[in-house]
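Chain by chain, the residues:
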Number of protein chains: 2
Amino acid sequence: MKVGNARRNMDPDFSELDAALDDRDLDGYLIDADSTEADQYYLSGFDAPDPFLTLYDGEVHLLFSRSLEYGRANKEARADTVERYVDFGYQSKVEEYGPREAVSRVIAAFLDSYDVESIAAPPRFPLSTADRLRDRGVTVESDDESVITELRATKTDEEIEHIETAQRANEAAMAAAEELLRESRTAAKGQLLYDGERLTSERIKEEIEVTLLGHGCALDETIVACGSDAADPHDRGSGPLRAGEPIIVDIFPQHKASKYHADMTRTFVVGEPDETVAEWYELTARAHAAALDAIEPGATGAEVHDAVCDVYEEAGQPTLRSDESTETGFIHSTGHGVGLDVHELPRVAPNGGVLEPGHVVTVEPGLYDPEVGGVRIEDFVVVTEDGYENLTEYPKELVV
Amino acid sequence: MKVGNARRNMDPDFSELDAALDDRDLDGYLIDADSTEADQYYLSGFDAPDPFLTLYDGEVHLLFSRSLEYGRANKEARADTVERYVDFGYQSKVEEYGPREAVSRVIAAFLDSYDVESIAAPPRFPLSTADRLRDRGVTVESDDESVITELRATKTDEEIEHIETAQRANEAAMAAAEELLRESRTAAKGQLLYDGERLTSERIKEEIEVTLLGHGCALDETIVACGSDAADPHDRGSGPLRAGEPIIVDIFPQHKASKYHADMTRTFVVGEPDETVAEWYELTARAHAAALDAIEPGATGAEVHDAVCDVYEEAGQPTLRSDESTETGFIHSTGHGVGLDVHELPRVAPNGGVLEPGHVVTVEPGLYDPEVGGVRIEDFVVVTEDGYENLTEYPKELVV
């Protein structure tokens, strides 16, 4: 059973945004970004590669600098109004004031046309736009609570379906990667060979990428890291892969049609793992299970993270909790939200807040040491009314 | 022969940045962004998916919130120093002031450790960081000249090689797309069939993407737009493709290893184009040639754009120059720079400034009307000491 809190089907529910603006006595919320900024895509419902403005004042109003996106926005966007700079006399303002001041006057006129004199803006709102609007008498406050980012943390049924679609693609890609490892053979010095050639990180990444493409997903990066590469949690990995060493495969694709992500990590050893790696894997599996056990509505991300640290520290492994400057052991947080961004709220980390039904979070404990390599196991789950549902349907087996 | 102004091999030459800071009597330049922001990648030389800080004060200093990227940055980045929040007492500041103020105090301490009391920041620098630093007494000025973006416009030999590598991949992908069109056959109502199935925009995009992946390139979007889709210059296109209608194929991949882009558009008709499309294509080819003729050091982007408008207007086509609110005819600018961003300086547009050797720009005139469809031809060139060199080696043939 899925979470029962589907509060919207097609359109987001912005009532918490209304409340936040009321609380702060501000007229509107303004975003100036392209749609790779997830808050922009979420608020505007429009996908564009170049920055545009979205004003929320109870309705959604889009403003484009150029005519280029205007026609498409009229067709595709969920906005109440779509306008262009030229609709606010851009060209004559350029002649009178020059291009830079013309833009600030156009944006001010756009706000004024909706009687908006004061706005909240996301923490990463462009400084230049803010300073220009302030120069024109508009109150601009940084929304350090990131209210839209907070809204995005809680997923509807429809969003969870998008994430599951991405995850099924992810599992197909992981299976393709594992298959290459399984079908490789071991040559001199532990070097893996596939189809007569040295099996490399790059070769497996290509297999992953082609599989994901065939499933409608894109991705910027994949991690396939072996040996000392794997000891650095965000090293993407490169070069030949070897038997007996842990190989971390971390895949986090974006489904292109919906823009939602999935995120999963497995660690594989071809052949016989050494004793330390086998111990680390067993310990990490226990830490993983402890974290999942801790997930329920009302628990905090900090408590889930602590459950992982407890398991590791009891086994004598360093963590950032026991030593904030350690570079070996458990040297990252337990997890993060997944949605339009691959890293989003809530945090499953020190300071991580209360988990609520509809939150989608990764659980990814791991251990790292350049002398040994790295081990990480990552599933991701949706918090339900009475616990969680694991969205990951991929086995966890170290040895292939 | 390539441009002769290779001013750097591995490391950027930041002397113009030094001059800009001197002019404005500011101590440093600060970027707070992930490396998808090209100025950040250019200044830091470091590729990271999450935001980090780069301070330039004659040297390059990186600051990471978490330990995660620290190890990798120490290995990979071109920076003079790499530091973490914990190096500035982050944890005790969190306990004393809470997480939000702790961050601003850490960043202020980082700047103070280099005696930096005043900074310039890019126009899209995060409002929240700027306001917090101002609260702590740091002078923060928006660099509306975008000095680093300006620096990036002029490419070295090495950067042009990266761009050419991306373009060779692009040409392989365009050839794969054209091949599918060539090998398709026409069924009832002009529907194209390939291998017994309806040939769609999606099918050709998949062919393009797989080809690019095999050449080490990634891409977010590709345009394969037929009929009325093609009348909207940035419509990505979808659904069945038909004989006799113009099909715009616009590919703009990023080479993953270097992060540099290429950009090329061709328009194809399978079978017999109608008279208007044939006329538009011939006219657009003439506009394209006129733009190339106008490219040389000292010419402005505005002059190159005007050369295109002249050709179109003389033939009776509307342009944004003749009618700023037209939605048919030539409704975008002539071109843009290409590099770490697919759209960057210089502009080949109204207000476009002086072209200099090492500038890499697209030339992409086109005509659009929902009643007809769209036609666009795009090459991209590097400005040389005495003219330009076309980086595009792909034929221009309308009919396949």
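Computed from a predicted structure; not experimentally measured. Numbering of residues starts from 1 in every chain and runs along the sequence as written. A letter from A marks each chain and a number from 1 marks each ligand, given out in the order of writing. Owing to the predicted nature of the model, reporting of local features is limited to residues with pLDDT of at least 70; listing and counting of side-chain atom pairs is limited to 80 or more, with chain, interface and lining totals taken over all residues. Neither water nor hydrogens contribute to the side-chain values; these are computed over all heavy atoms in the structure.

> Is there a simple way to think about the pattern of salt bridges in this case?
Oppositely charged side chains may form a pair once their charged atoms are brought near each other. The salt bridge definition used is simple: a Lys or Arg side-chain nitrogen within 4 Å of an Asp or Glu carboxyl oxygen. If you walk through the whole model with that rule in mind, you get 66 salt bridges over all chains. The residue R203 of chain A makes a salt bridge to E207 of chain A at a minimum N-O spacing of 2.9 Å. With R203 of chain A and E207 of chain A both in helix α9 (residues 201-214) and four residues apart, this pair spans about one turn of that helix. A salt bridge links E171 of chain B to R168 of chain B; the nearest nitrogen and oxygen atoms lie 2.9 Å apart. One end of the pair is E171 of chain B and the other is R168 of chain B, both in helix α8 (residues 157-182) and three residues apart, which spans about a single turn. Assessed through its relative accessible area of 9%, E171 of chain B is described here as buried. Exposure is judged per residue with a 1.4 Å probe applied to protein chains only, and the accessible area is read against the type maximum: over 50% gives exposed, under 20% gives buried, and values in between give partly exposed. What makes R168 of chain B partly exposed here is its relative accessible area of 32%. Beyond isolated ion pairs, a larger network of salt bridges with shared partners links D39, R152, K155, D341 and E344 of chain A. Secondary structure follows DSSP: runs of H or I at least 4 residues long count as helices, runs of E at least 2 residues long count as strands, and numbering of each begins at the N terminus.

> Would you take a moment to explain the packing of aromatic side chains for this structure?
In this description, a pair of aromatic rings is defined by centroid distance and the angle of the planes. Here a Phe, Tyr or Trp ring, Trp counted by its six-membered ring, pairs with any other such ring whose centre lies within 6.5 Å, and the pair is stacked when the planes are under 30 degrees apart, edge-to-face when over 60, and tilted otherwise. Summed over the entire model, instances satisfying the criterion amount to 18 aromatic pairs over all chains. Between F52 of chain B and F64 of chain B, the ring centres sit 5.1 Å apart and the planes meet at 20 degrees, which makes this aromatic pair stacked. A residue pair is termed long-range when its members are at least 10 positions apart, and F52 of chain B in strand β2 (residues 52-56) and F64 of chain B in strand β3 (residues 60-64) qualify at 12 residues. The exposure class of F64 of chain B is buried, given its relative accessible area of 3%. Through a chain of ring-to-ring contacts, the aromatic side chains of F14, Y42 and Y56 of chain A assemble into a single cluster. Residue placement shows K259 of chain A over the ring face of Y41 of chain A; its charged tip is 5.1 Å from the ring centre. The ring centre of Y70 of chain B lies 4.0 Å from the NZ or CZ of R84 of chain B, which sits over that ring. Whether a charge lies above a ring is judged from NZ of Lys or CZ of Arg, which has to be within 6 Å of the ring centre and within 35 degrees of the ring normal.

> Help me understand the confidence of the model for chain A in this model?
Parts of the prediction with low pLDDT should not have their coordinates interpreted in detail. Within a predicted model, pLDDT stands for the predictor's per-residue confidence, ranging from 0 to 100. For chain A, mean pLDDT is 93; residues scoring 70 or higher make up 97% of the total. It only takes one pair of heavy atoms within 4.5 Å for two residues to be counted as in contact. A low-confidence stretch, residues 1-9 of chain A (pLDDT under 50), is modelled with 26 contacts involving residues beyond four sequence positions or located in other chains.

> Would you take a moment to explain the UniProt feature "domain: Peptidase M24" (unreviewed entry) in chain A for this structure?
UniProt positions are given in the numbering used here, feature names are shortened, and annotations may be inferred rather than shown by experiment. Within the UniProt annotation, "domain: Peptidase M24" (unreviewed entry) is assigned to residues 161-385 of chain A. End-to-end, the C-alpha atoms of residues 161-385 of chain A are 17 Å apart, and along that stretch the chain is 31% helix and 23% strand.

> For this particular structure, what's the right way to read a negative patch on the surface?
Within this analysis, patches are made of residues with over 30% relative accessible area and no salt bridge. Like charges are joined at 9 Å or less; nonpolar side chains (Val, Leu, Ile, Met, Phe, Trp, Tyr) at 5 Å or less. Computed with a 1.4 Å probe, the accessible areas rest on the Shrake-Rupley method; for each residue, only the protein chains presented here act as cover. The charge count includes Lys and Arg as positive and Asp and Glu as negative, but it does not include His or the ends of the chains. Note that the charge is assigned to NZ on lysines, CZ on arginines, CG on aspartates and CD on glutamates. Together, D13, D18, D22, D23, D25, D27, D112, D115 and E117 of chain A line one region of the surface with negative charge. The element best represented in the negative patch is helix α1 (residues 15-24) of chain A, accounting for three residues.

> What am I meant to see in the relation of the copies chain A and chain B here?
The second copy of the chain is related to the first by a rotation about an axis and a shift along the axis. Residues reaching a pLDDT of at least 70 in both copies supply the C-alpha atoms on which the copies are superposed by least squares. Its rotation angle being 180 degrees, the transformation that places chain A on chain B also includes 0.0 Å of axial translation and leaves an RMSD of 0.1 Å. In the structure described here, the two chain copies are related by an operation that fits a two-fold rotation axis. When C-alpha distances to the rotation axis are compared across chain A, the minimum falls at L127 of chain A, with a value of 2.3 Å.

> When you look at the sheet that holds strand β6 (residues 139-142) of chain B in this model, what are you seeing that I'm missing?
Whenever strands of a sheet pair, they do so through backbone hydrogen bonds, lying parallel or antiparallel. Residues and elements named next belong to chain B. Strands are labelled as partners when DSSP assigns at least two bridges between them. Taken in spatial order, the six strands line up as β4-β3-β2-β1-β5-β6 in an open sheet, and their pairing is mixed. Either end of the sheet is taken by a strand with one partner, and the two such strands are β4 (81-84) and β6. Ignoring which end each strand starts from, the neighbouring axes of this sheet average 25 degrees apart. Pairing analysis gives four bridges linking β2 to β3, with the strands arranged antiparallel. Bridging from a neighbouring strand, T54 pairs with L62 of β3. Contacting β1 (28-33), β5 (118-121) and β6, helix α6 (residues 127-135) runs over the sheet at an angle of about 150 degrees to β6. Each axis is a line fitted through C-alpha atoms, taken for helices only over the stretch in contact, and angles between the N-to-C directions span 0 to 180 degrees.

> Where do I start with the pairing of β2 of chain B in this structure?
Along any regular strand the residues' side chains alternate between the sheet's two faces. Residue and element names in this part refer to chain B. Burial runs high along β2: five of the five residues are buried. What you see with β2 is no split at all: F52, T54 and Y56 on one side and L53 and L55 on the other are buried throughout. Between β2 and β3, which pair antiparallel in sequence order, lie three residues; one of them, G58, sits at a positive phi of approximately 105 degrees.

> Explanation requested: the state of the cysteines in the structure shown.
Here, disulfide denotes a covalent bond that connects the sulfur atoms of two cysteines. To count as a disulfide, a pair of cysteine sulfur atoms needs to be within 2.5 Å. One pass over the full model with this rule turns up zero disulfides over all chains. Among the cysteines around C217 of chain A, which has no disulfide bond, C217 of chain B carries the closest sulfur, lying 20 Å off.

> Whenever I open this one, the packing of helix α6 (residues 127-135) of chain A against α6 of chain B confuses me. Can you help?
The geometry of α6 of chain A relative to α6 of chain B is characterised by a closest axis approach of 8 Å and an angle of 65 degrees between their N-to-C directions. Facing L127, A130, D131 and R134 of chain A of α6 of chain A, the residues of α6 of chain B in contact are L127, A130, D131 and R134 of chain B. Each residue is assigned to one of three groups, with Ala, Val, Leu, Ile, Met, Phe, Trp, Tyr, Cys and Pro labelled nonpolar, Asp, Glu, Lys and Arg labelled charged, and all others, Gly among them, labelled polar. Per-class residue counts for the contact of α6 of chain A with α6 of chain B are four nonpolar, no polar and four charged.

> Sorry if this is basic, but what is going on with the sheet that holds strand β3 (residues 60-64) of chain A here?
All names here are of chain A. Here six strands make up an open sheet; going across it, the order is β4-β3-β2-β1-β5-β6 and the pairing mixed. The open sheet terminates on both sides in strands that have one partner only, identified here as β4 (81-84) and β6 (139-142). Adjacent strand axes in the sheet meet at a mean angle of 25 degrees when their direction is disregarded. Sheet topology places strand β1 (residues 28-33) next to strand β5 (residues 118-121); two bridges connect them, and they run parallel. Across the sheet, the residue bridging to Y29 is A120, located in β5. Seen against the sheet, helix α5 (residues 99-113) touches β1, β2 (52-56), β3 and β4 and runs at an angle of roughly 160 degrees to β3. Those strands touched by α6 are β1, β5 and β6, and its axis lies near 150 degrees from that of β6.

> How should the interface of chain A and chain B be read in this particular structure?
Interface size, as often reported, equals the accessible area lost upon joining of the parts. Taken together, the contacts link 55 residues of chain A with 54 residues of chain B. Scanning the region where chain A abuts chain B turns up 12 salt bridges. Salt-bridge contacts for D235 of chain B lead to K75 of chain A; the nearest nitrogen and oxygen are separated by 3.1 Å. Secondary-structure elements contributing two or more residues to the side of chain A that touches chain B are β1, α3 (70-76), α6, β6 and α9 of chain A. A per-element tally of the side of chain A that touches chain B places α6 of chain A first, with six residues. Taken together, the residues of the side of chain A that touches chain B sort by class into 19 nonpolar, 11 polar and 25 charged.

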